[in-house]
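The chain contents come next:
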Amino acid sequence: MTITPGRLALVFSSAGHAFMHMFTAMYFVIAVAMEKAGWQELSYADLVQLWTLGSLMVGLAAIPSGWLGDRWSASGMMVVYFLGLGSAAIVCGLISGPMALLLGLTALGVFAAIYHPVGIAWLVKSSVKRGKALGINGVFGSIGISIAGVVAGTLIDLFSWRAAFIVPGVFSCLAGLALLWCRQRGLVTDAVIEQAPKPPTKRGEVLRVYLILLCTMTCMGLIFQATQAAIPKHFDLMLGERLGSGALGVGLAVAAVYTVGGITQMLGGYLADKMNLKTLYVASFLFQIPVLIGLAYIGGFALLPIAALTVLLSTGALPAENLLLARYTPDKRQSLAFGLKYVLAFGSAPLAIEAVAWIKNTTGSFELLFLACVALTALATVAAFLLPRDRSAKPQAVRRADTVPAE
């Protein structure tokens, strides 16, 4: 197989997706272990709230990251992403108190913000079969969440929670150095695969789509952030000693759920290349409603496949959503557009995290949280129905644009 810049973009973008979700998900497993260890005598809710500012930065820093990806270089920004994320994680593993951890997690959030607006736009512009590429890339995002539980749980049980930050941080830095090496030798570029011309759209239609996606992406962000934060503790509460007394049991359960749910995201990418995007998008929301109700009330090991379905439907909608956004956005503004998207997707995280902490402290469980997610999903379903009928032909690559990274 010939190694092309497009294939290397897929490799590094997929690795970056895995790292991003691993680093932003593993803290919720680490927090369970820190609470049980009595670190600084902080409660689970207190520990989770230390990530609030970092999670906010994952959203807020997405716009400047996307702007730099458009104006400077997507591959260059990805080098900054890998090196910065790894360094911030290492710092988190070396801190001595809550304030230092807060600052370390905030820095982690700033660098994590680079990935989605830059890495996804880079992949879209460099891929022939965009839906397929997004599906593969999405699988790695879910794998990142999956291995977060296994990696964090294993390192905690073998060493300490500090190792759960430091060891993955080292690997992220190594990935950054590998990308830098490829970039300096011209193996990785910012070249664009041109697609068949987009069907013309009226300004009013574009505004309509953006407003609808504003609603659906905000709902999806809240649902994703809330479920990701709550699921490790929800498993701990609902399955208890069936998962064992250490952190690894919870980590393996989370890994199983996100692995099964994430691998099937390739189906979402395949369908996005073949199906009407609006139909696929609406169906993903509609089927999510009964699944979230099951997540709220079903206990025992039956909870695991229900949680996997929740992940499947959430991630399965993403290729269609990303293609809808790309469909109505000029290529030269796509990093910025994806930056705006992920301000909504991740900027909602502080609200979701505060809701997780408040509901757990108030009710002792997460039923109310998942029912709130049902209401958000219903709202997103109605909004998605209002999207215009997708008239776009499935794009075929016609040539590679003669563009190179700005230096």
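Look a little higher up for the structure.
Presented here is an overview of the structure given in this document.

With that settled, the discussion passes to the overall build of the protein. Per the secondary structure count, the protein includes 18 helices and two strands. A burial count over the protein gives 58% of its 407 residues as buried. With the model as given, the accessible surface of the protein reaches about 16,100 Å², and the carbon-plus-sulfur share is 70%.

Moving on: the packing of helix H13 (residues 277–297) against helix H15 (residues 318–327). When two helices pack together, their arrangement is given by the angle between the helix axes and by the axis-to-axis distance. Packing of H13 against H15 brings their axes to within 9 Å, and their N-to-C directions diverge by 135°. Classified by the angle between their axes, H13 and H15 sit oblique to one another. You can see that H13 and H15 cross each other, and the crossing is left-handed. In this structure, H13 contributes Leu277, Leu280 and Tyr281 to the contact, and H15 contributes Ala320, Glu321, Leu323 and Leu324.

Turning our attention to the nonpolar core. Soluble globular proteins tend to pack their nonpolar side chains together in the buried interior. Counting residues in each nonpolar core, the largest one holds 127 residues, and the members touching the most others are Tyr27, Ile30, Tyr81, Leu101, Phe165, Phe235 and Tyr281. In terms of residues, this core owes the most to one element, helix H1 (residues 5–37), which gives 17 residues. Each residue touching tyrosine 81, except ones within four places of it in the same chain, is listed here: Gly16, Phe19, Met20, Phe111, Ala112, Ile114 and Tyr115.

Here helix H5 (residues 74–94) crosses helix H7 (residues 115–126) at 140°, and the two axes come no closer than 9 Å. Viewed along their axes, H5 and H7 adopt a mutual orientation that is oblique. The chirality of how H5 crosses H7 is left-handed. Here H5 contributes Ala74, Ser75, Met77, Met78 and Tyr81 to the contact with H7, which in turn contributes Tyr115, Val118, Gly119 and Trp122.

Glancing now at the packing of aromatic side chains. On inspection of all chains with the given rule, the structure shows nine aromatic pairs. Site record: aromatic cluster; members linked through ring pairs are Phe19, Phe23, Tyr81, Phe82 and Tyr115.

Next up on the list: helix H17 (residues 349–363). Helix length check: H17 (15 residues) gives 21 Å between terminal C-alpha atoms against 21 Å at 1.5 Å per residue, within 8%. If you check which residues of H17 are buried, you get Ala349, Pro350, Ala352, Ile353, Val356, Ala357, Ile359 and Lys360. Positive phi appears at glycine 364, one or two residues downstream of H17, with a value of about 80°.

Residues Val167, Val170, Phe171, Leu174 and Leu177 make up a contiguous nonpolar surface patch of about 440 Å² in total accessible area. Looking at where leucine 177 falls in the secondary structure, it is placed in helix H9 (residues 161–184).

With respect to the helices, strands and loops of the structure, histidine 234 is situated in helix H10 (residues 203–239). Within the local environment of histidine 234, its side chain forms a polar contact with the backbone oxygen of leucine 295, the two atoms lying 3.3 Å apart. Ignoring sequence-local partners within four residues, the contact set of histidine 234 consists of Leu295, Leu303, Phe366 and Phe370.

Another point: the environment of glutamine 184. Within the fold, glutamine 184 resides in helix H9. Linking glutamine 184 and glycine 76, residues 108 residues apart in sequence, is a C-alpha distance of 10.0 Å.

Before going further, it helps to spend a moment on helix H4 (residues 62–71). Of all the positions in H4, only Ala62, Ser65, Gly66 and Gly69 are classed as buried. One face of H4 carries all of its buried residues, which in axial projection span an arc of 95°.

For the rest of this paragraph, the subject is the pattern of salt bridges. Across all of its chains, the model carries three salt bridges by this definition. Lysine 233 is paired through a salt bridge with glutamate 35; the nearest N and O atoms lie 3.6 Å apart. Of the two residues, lysine 233 sits in helix H10 while glutamate 35 sits in helix H1, which places them 198 residues apart along the sequence. A relative accessible area of 8% means that lysine 233 is categorised as buried. For glutamate 35, a relative accessible area of 28% gives the class partly exposed. We note a salt bridge from lysine 36 to aspartate 236, for which the minimum N-O separation is 4.0 Å. You can see lysine 36 sitting in helix H1 and its partner aspartate 236 sitting in helix H10, a full 200 residues away along the chain. Salt bridges sharing common partners tie together Glu35, Lys36, Lys233 and Asp236.

What follows is about the environment of arginine 183. Following the sequence through the fold, arginine 183 ends up in helix H9. Along the primary structure arginine 183 and serine 75 are separated by 108 residues, whereas in three dimensions their C-alpha atoms are 7.3 Å apart. At a separation of 2.9 Å, a polar atom in the side chain of arginine 183 contacts the side chain of serine 75.

Counted under the stated rule, the structure contains zero disulfides. The thiol of cysteine 215 is not disulfide-bonded; the next cysteine sulfur, from cysteine 219, is found 4.4 Å away.

Calculation criteria
- Residue positions within a chain follow its written sequence, with the count starting from 1.
- With the structure being a predicted model, the display of local features is reserved for residues of pLDDT at least 70 and the display and counting of side-chain atom pairs for 80 or more, all residues being used for whole-chain, interface and lining totals.
- Working from all heavy atoms in the structure, the side-chain values ignore hydrogens and water.
- Numbered from the N terminus, helices here are DSSP runs of H or I no shorter than four residues, and strands are runs of E no shorter than two.
- The buried label applies to any residue whose accessible area, calculated with a 1.4 Å probe on protein chains only, is under 20% of its type's maximum; exposed applies above 50%, and partly exposed to all values in between.
- Using a 1.4 Å probe, the Shrake-Rupley method yields the accessible areas, and only the shown protein chains count as cover for residues.
- A fitted line through C-alpha atoms serves as each axis, taken over the contacting stretch for helices, and the angle formed by two N-to-C directions is quoted from 0 to 180°.
- Under this scheme an angle from 65 to 115 degrees is roughly perpendicular, one under 35 degrees roughly parallel, and one over 145 degrees roughly antiparallel; angles in between are oblique.
- The crossing is said to be left-handed when, going from far helix to near helix, the turn is anticlockwise and less than a right angle, and right-handed when the turn is clockwise.
- Note on contacts: a residue pair is in contact if any heavy atoms of the two residues lie within 4.5 Å.
- As used here, the term nonpolar core means buried Ala, Val, Leu, Ile, Met, Phe, Trp, Tyr and Cys residues forming a set that is joined through side-chain atoms within 4.5 Å.
- Note on aromatic contacts: the rings of Phe and Tyr and the six-membered ring of Trp form a pair at centre separations within 6.5 Å, being stacked when their planes are under 30 degrees apart, edge-to-face when over 60 apart, and tilted otherwise.
- Helices are assigned an expected span. That span is 1.5 Å times one less than the residue count.
- The patches reported here contain residues having more than 30% relative accessible area and no salt bridge. Joining distances are 9 Å for like charges and 5 Å for nonpolar side chains (Val, Leu, Ile, Met, Phe, Trp, Tyr).
- One speaks of a salt bridge when a side-chain nitrogen belonging to Lys or Arg is within 4 Å of a carboxyl oxygen belonging to Asp or Glu.
- For the purposes of these results, a polar contact is taken to be a pair of N or O atoms within 3.5 Å, where, inside protein, one atom must be able to donate a hydrogen and its partner to accept one; residues adjacent in sequence count only when each atom of the pair is a side-chain atom.
- Within this analysis, the arc is defined by the directions that extend from the helix axis to the C-beta atoms.
- Criterion for a disulfide: a pair of cysteine sulfur atoms within 2.5 Å.

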